[in-house]
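Chain and residue survey
Read off the chains here:
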Amino acid sequence: MKIAFIGLGNMGGGMAANLAKAGHDVRAFDLAAPALTAARDAGCTTFDTAKEACEGVDAVVSMLPNGAIVKGVYENEVIGRAPAGAVLLDCSTIDVATARDVIGAAQGAGYDMVDAPVSGGIAAANGGTLTFMVGGTDAAFKRAEPILSAMGKAVIHAGDAGNGQAAKICNNMLLAVQMIGTAEAFSMADKLGLDPQTFYDISSVSSGQCWSMTSYCPVPGVGPQSPSDNDYQGGFASALMLKDLKLAMEAAGSAGANTPLGKHAQEIYEAFVQDNGALDFSGIIKTL
Ligand code: NAD
């Protein structure tokens with residue numbers, strides 16, 4: 001299949017490489033020259049503009065920083081330039097309203113389009129083990145699914161346009177709240193004289209058990225290997241967690257959802273990110 005790939009950054013670079021590895025003819029574009037060089041090394045053909053990359057393709061995949069950029073790229077470079085009948089997949093994390101707007105514009109021009117944000121970080125993008133949460137019609141999902149499968153381990157249809165983004169921000173809001181709670185529990189256990197490994201042994205088989213504890217423990221040396229064992233380097237940057245929390249609070253506001261813990265988590269990460277934006281989000285334990 002001929003696939004245009006727009007946005008070859010930390011995530012998109014590995015995703016485009018996996019599409020090329022799966023045998024697709026990947027036509028890649030990014031504004032940054034080093035990203036283009038890496039894409040060529042990974043077997044993609046590169047172009048000077050997104051418009052050129054979209055010529056004659058069967059599908060367009062994008063992995064871009066935010067909603068304004070996604071909207072600009074689709075309105076100015078993809079819609080009307082990719083052949084009628086191409087399927088469009090935006091994998092960026094953006095606000096629900098913009099995702100629905102862009103998909104509406106694409107559908108109006110005769111394209112099938114899905115929002116397909118991911119769970120999993122750079123390692124999962126490189127390893128082809130992302131989880132995709134997909135919003136769009138049944139027909140669009142059916143066409144997008146095999147393309148996404150070449151880049152991930154799970155592809156789940158979340159419902160209509162924008163529902164992929166809705167699933168992503170609800171999940172990440174829960175993750176932020178859960179991580180702060182886990183960090184608080186370990187800090188308090190320590191202050192009360194409990195050994196962290198002993199607390200882990202107890203809580204990981206008790207009702208406080210959660211993913212932030214048993215897969216991503218914020219305490220170094222406890223649980224499986226995680227960014228805490230590497231001084232909170234790598235993993236999921238706190239700045240990106242804050243981005244997702246802001247999107248979640250925006251969506252909660254417009255949907256009239258009551259999310260007091262999500263709001264508090266946003267405030268906590270906002271303060272943390274001032275000096276620690278690049279640290280993994282489990283580094284929040286350092287503030288407690
Ligand atoms: P990144 O900044 O590394 O990559 C974005 C790329 O887009 C850059 O290479 C940039 O040059 C390019 N770009 C910007 N504007 C462009 C344009 N108009 N045309 C073409 N290219 C353009 O970001 P990333 O970490 O790869 O994240 C991409 C998306 O994935 C974001 O929406 C992010 O929230 C989401 N995400 C990231 C992670 C992660 O761990 N990094 C995890 C899940 C989801």
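Brief notes about the overall build of the protein
A tally of regular secondary structure across the protein gives 12 helices and nine strands. Its C-alpha atoms give the protein a radius of gyration of 20 Å, near enough to 19 Å, the size a compact globule of 288 residues would have. Seen through its principal axes, the protein has C-alpha atoms that stretch 65 × 45 × 35 Å. Each of the 288 residues in the protein was classed as buried or not, and the buried ones make up 50%. For the protein, restricting intrachain contacts to residue pairs at least 6 apart in sequence, the fraction spanning at least 24 positions comes to 64%. Of note, the protein has its 17 positive side-chain charges centred 5 Å away from the centre of its 29 negative side-chain charges.

Here's the deal with the pattern of salt bridges
Counted by the stated rule, this structure contains eight salt bridges. Among the salt bridges present, the one from K71 reaches D101, with a minimum N-O distance of 3.8 Å. On the criterion of sequence distance, the pair formed by K71 in helix α4 (residues 67-78) and D101 in helix α5 (residues 96-108) is long-range, its members being 30 residues apart. Between R143 and D112 there is a salt bridge, and its shortest N-O distance comes to 3.1 Å. Remark: D112 occurs in strand β6 (residues 112-115) and R143 occurs in helix α7 (residues 138-149); sequence separation between them is 31 residues. By relative accessible area, R143 is classed as partly exposed at 32%.

Focus on the site of the ligand
N10, M11, D30, L64 and K243 are the nearest of the 24 residues found near the ligand. Here an oxygen atom of the ligand sits 2.9 Å away from a polar atom, N or O, in the main chain of N10. Interatomic distance of 2.8 Å between a side-chain N/O atom of K243 and an oxygen atom of the ligand. Look at the ligand: alone it shows 840 Å² of surface, and the protein chains cover 84% of it.

Topic: the environment of V273
With respect to the helices, strands and loops of the structure, V273 is situated in helix α12 (residues 260-276). For V273, a relative accessible area of 18% puts it in the buried group. In the structure, V273 is positioned 173 residues away from R100 in sequence and 29 Å away in space, judged by C-alpha atoms. Ignoring anything within four residues of it in the chain, the contact list for V273 reads S238, A239 and L242.

Some thoughts on unusual backbone geometry
Phi at D231 takes a positive value of approximately 50 degrees, unusual for a residue other than glycine. With respect to the helices and strands, the residue D231 is situated in the loop between α10 (211-214) and α11 (238-255). Although it is not a glycine, Y232 adopts a positive phi angle of roughly 65 degrees. Locating Y232 in the fold gives a position in the loop between α10 and α11. Residue classification places Y232 among the buried residues on the basis of a relative accessible area of 5%.

Overview of the packing of α5 against helix α8 (residues 163-191)
Two elements in contact, α5 and α8, have axes whose closest approach is 8 Å; the angle formed by their N-to-C orientations is 165 degrees. Taken together, the axes of α5 and α8 lie roughly antiparallel to each other. Handedness of the crossing formed by α5 with α8: right-handed. Here α5 contributes V96, A99 and R100 to the contact with α8, which in turn contributes N163, Q165, A166 and I169. Looking at side-chain class alone, the contact of α5 with α8 contains four nonpolar, two polar and one charged residues.

Side note on the pairing of strand β8 (residues 130-135)
The side chains of a regular strand alternate between the sheet's two faces. Of all the six residues making up β8, six are buried; the element is thus mostly covered by neighbouring parts of the structure. By the alternation rule, side chains of β8 split into L130, F132 and V134 and T131, M133 and G135, which are all buried. Relative to β8, strand β7 (residues 118-119) is paired through two bridges, and the arrangement is antiparallel. In the strand pairing of β8, V118 is matched with F132. Where β8 lies against strand β9 (residues 152-159), six bridges are found, and the strand directions are parallel. Paired with V134 across the two strands is H157, which belongs to β9. Following the backbone out of β8, through α7 and into the adjacent parallel β9, one traces a crossover that is right-handed.

Things to note about the state of the cysteines
Disulfide: a covalent bond formed between the sulfur atoms of two cysteine residues. For the structure shown, the criterion picks out zero disulfides. Cysteine C217 remains unbridged, with the sulfur of C210 as its closest cysteine sulfur at 9.2 Å.

Cut-offs used in this document
Counting starts from 1 at the beginning of each chain's written sequence and moves along it residue by residue. Totals for whole chains, interfaces and linings use all residues, but because this is a predicted model, local features are given only for residues with pLDDT of at least 70 and pairs of side-chain atoms are given and counted only at 80 or more. Computation of side-chain values covers all heavy atoms of the structure but excludes hydrogens and water. Secondary structure is summarised from DSSP: a helix means a run of H or I of at least four residues, a strand means a run of E of at least two, and numbering begins at the N terminus for each. This radius of gyration counts C-alpha atoms alone. The globule rule is 2.2 Å times how many residues there are, raised to the power 0.38. Only protein chains enter the area calculation, which uses a 1.4 Å probe; residues under 20% of their type maximum are buried, those over 50% are exposed, and those in between are partly exposed. Pairs of residues are marked as contacts when any of their non-hydrogen atoms sit within 4.5 Å. Under the convention used here, Asp and Glu are negative, Lys and Arg are positive, and both His and the chain ends fall outside the count. The atom standing in for a charge is NZ when the residue is Lys, CZ when it is Arg, CG when it is Asp and CD when it is Glu. The working definition used for a salt bridge is a side-chain nitrogen of Lys or Arg within 4 Å of a carboxyl oxygen of Asp or Glu. Each residue is tested against the molecule or strand, and it is near if at least one of its non-hydrogen atoms lies within 4 Å. Distance and chemistry together define a polar contact, namely a pair of N or O atoms within 3.5 Å, with one atom able to donate a hydrogen and the other to accept it when in protein, and with adjacent residues in sequence counting only for side-chain atoms on both sides. Only the protein chains shown count as covering a residue, and every accessible area follows the Shrake-Rupley method with a 1.4 Å probe. For helices, the fitted line uses only the C-alpha atoms of the stretch in contact; every axis is such a line through C-alpha atoms, and the angle between N-to-C directions lies from 0 to 180 degrees. Roughly parallel covers angles under 35 degrees, roughly antiparallel covers those over 145, roughly perpendicular covers 65 to 115, and oblique covers all other angles. Left-handed is the label given to a crossing in which the near helix is rotated counterclockwise from the far helix by less than a right angle, and right-handed is the label when the rotation is clockwise. Following the grouping adopted for this structure description, the nonpolar residues are Ala, Val, Leu, Ile, Met, Phe, Trp, Tyr, Cys and Pro, the charged ones are Asp, Glu, Lys and Arg, and the polar ones are all others, Gly among them. When DSSP finds at least two bridges between two strands, those strands are taken to pair. Whether a crossover is right-handed comes down to one check: with the strands pointing away from the viewer, does the path from the first strand over the helix to the second run clockwise; if it does, it is right-handed. To count as a disulfide, a pair of cysteine sulfur atoms needs to be within 2.5 Å.

In short, shape yes, function no, at least from these values alone.
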